Amino acid sequence: MSQLNDESGGPIDLRTDQPHAARMYDYLLGGKDHYTVDGEAAEKALTAFPLLRTAARENRKFLGRAVQYLVRETGIRQFIDLGSGLPTADNVHQVAQQHDPTTHVVYVDNDPIVLVYGSAMLAQDRRTAVIQGDVRDPGAVLDHPRTRELIDFTEPVGVLAVAVLHFVGDEEKPESIVRTLRDAVPPGSHFILSHATADIAPEAAMGVQRAYRAQGVPLTLRDKARFTEFFDGLDLIEPGVQVVSDWRSDVPEAERPDHADVSWYGGVGRLA
């Protein structure tokens, strides 16, 4: 493989010897953009919670429905997707641009592989960019030149933190991260958030948390009340915070997976 460089032209350490949450998620979704170490770490989590793949897929479907809602019903045409992973199938730009090809999307992830390969995949899409950034430093994400180039902060923005805030520890103040982002966008902006929980299947969920942490991947499960606090200052869109498989689902309730097989909350909030 040829030398891979970051945005400044310096060499990138792809850290393929240690698992990364974004690549583990790709493995769970059945993707191909991960390494052996990521698959091995995900398999250990699957030992604790064999239906973790179901949870990941239901979360992905929630993302798609929430983005469709924002594009179809609120008129939002620009998105910032934090902790996005690799932009392959059924990602924000594909879902949104099906409804309006002029939609702008900035993907953000701290995995250098996302920057390298995501940028290559989207090289011909002038309305979509991938930047290397960390949800823990929202100011740097907001100030990034590509963010400023593609996102007009005088118009409503769709901000996504889907399956990412549970990788932010309490000591890192995830609610402060959301507040910083909320203060940077104008009224009419919406936030799409989702988060793993131990509320519903505590033994299995805590087993997943232990498995992730044992592989050096931080994971902090939070209950519904704590997750709902992340929407402070926002108006929750109906039906409020729900298990992701239930949020505005068009699948009959009897055909949806059990809540215990998902154990993931999601919601959408609007900045008035």
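In the block above lies the structure referred to throughout.
Cut-offs and rules
- Residues numbered from 1 in each chain as written.
- Predicted model: local features only at pLDDT ≥ 70, side-chain atom pairs only at ≥ 80, totals over all residues.
- Heavy atoms only, no water.
- Axes fitted to C-alpha atoms, helices over the stretch in contact; angles between N-to-C directions.
- Helix = DSSP H or I, 4+ residues; strand = E, 2+ residues; numbered from the N terminus.
- Left-handed = near helix turned anticlockwise from the far one by under 90°.
- Contact = heavy atoms within 4.5 Å.
- Nonpolar A, V, L, I, M, F, W, Y, C, P; charged D, E, K, R; others polar.
- Polar contact = N/O pair within 3.5 Å; in protein donor to acceptor, adjacent residues only side chain to side chain.
- Buried < 20%, exposed > 50% of the residue type's maximum accessible area, 1.4 Å probe, protein only.
- Pairing = 2+ DSSP bridges.
- Parallel < 35°, antiparallel > 145°, perpendicular 65-115°, else oblique.
- Phe/Tyr/Trp six-rings, centres within 6.5 Å; stacked < 30°, edge-to-face > 60°.

1. Focus on the packing of helix 3 (residues 52–74) against helix 4 (residues 92–99)
Then comes step 1: Between helix 3 and helix 4, whose axes approach to 9 Å, the crossing angle comes to 35°. Two packed elements cross with a definite hand, and for helix 3 against helix 4 that hand is right-handed. Seen from helix 3, the contacting residues are L63, G64, V67, Q68, V71 and R72; seen from helix 4, they are V92, V95, A96 and H99.
Then comes step 2: Taken together, the residues of the contact of helix 3 with helix 4 sort by class into 6 nonpolar, 3 polar and 1 charged.

2. Quick word on the side chain of T103
Then comes step 1: For T103, the location among the structural elements is in the loop between helix 4 and strand 2 (104–109).
Then comes step 2: Within polar-contact distance, the side chain of T103 engages the backbone oxygen of D100 at 2.9 Å.
Then comes step 3: When residues no more than four places from it in sequence are discounted, the contact partners of T103 are R77, Q78, F79, A96, Q97 and R127.

3. So, the pairing of strand 2
Then comes step 1: Most of strand 2 is tucked away: 5 of the 6 residues are buried.
Then comes step 2: Here strand 1 (residues 78–82) pairs with strand 2 via 5 bridges, running parallel. What sits directly across from I80, in strand 2, is V106.
Then comes step 3: In terms of strand pairing, strand 2 meets strand 3 (residues 128–132) through 5 bridges, oriented parallel. Bridge assignment links V106 to a residue of strand 3, and that residue is A129.

4. Details of the environment of Y27
Then comes step 1: Along the chain, Y27 turns up in helix 1 (residues 21–28).
Then comes step 2: In sequence terms Y27 and T74 are 47 residues apart; their C-alpha atoms lie 33 Å from each other.
Then comes step 3: For Y27, the residues in contact, after removing those within four places along its chain, are H34, G39, A42, E43, L46 and R53.
Then comes step 4: A polar atom in the side chain of Y27 sits 2.4 Å from the side chain of E43.

5. Side note on the packing of helix 1 against helix 2 (residues 36–48)
Then comes step 1: Where helix 1 contacts helix 2, the two axes come as close as 9 Å, and the packing angle between them is 70°. Between helix 1 and helix 2, the angle is such that the two are roughly perpendicular. Considering how the two elements wind past one another, helix 1 and helix 2 form a crossing that is right-handed. Of the residues in helix 2, those touching helix 1 at R23, M24, Y27 and L28 are D38, G39, A41, A42, E43 and L46.
Then comes step 2: Looking at the contact of helix 1 with helix 2 residue by residue, the class counts come to 6 nonpolar, 1 polar and 3 charged.

6. Describing the packing of aromatic side chains
The geometry of an aromatic ring pair is captured by two quantities: the separation of the ring centres and the angle between the planes.
Then comes step 1: Scanning the entire structure with this criterion turns up 5 aromatic pairs.
Then comes step 2: Consider the rings of F227 and F231, whose centres lie 5.5 Å apart with planes at 80°: the pair is edge-to-face. Considered together, F227 and F231 belong to a single accessibility category, that of buried residues.
Then comes step 3: Put simply, the rings of F62, Y69 and W247 touch in pairs and so form one group of aromatic residues.

7. Notes on helix 4
Each turn of an α-helix holds 3.6 residues, which means side chains three or four residues apart point in the same direction.
Then comes step 1: Within helix 4 the residues assigned to the buried category are V92, H93, V95, A96 and Q97.
Then comes step 2: On its buried face, helix 4 sits against helix 3, strand 1, strand 2, strand 3 and strand 4 (158–162).

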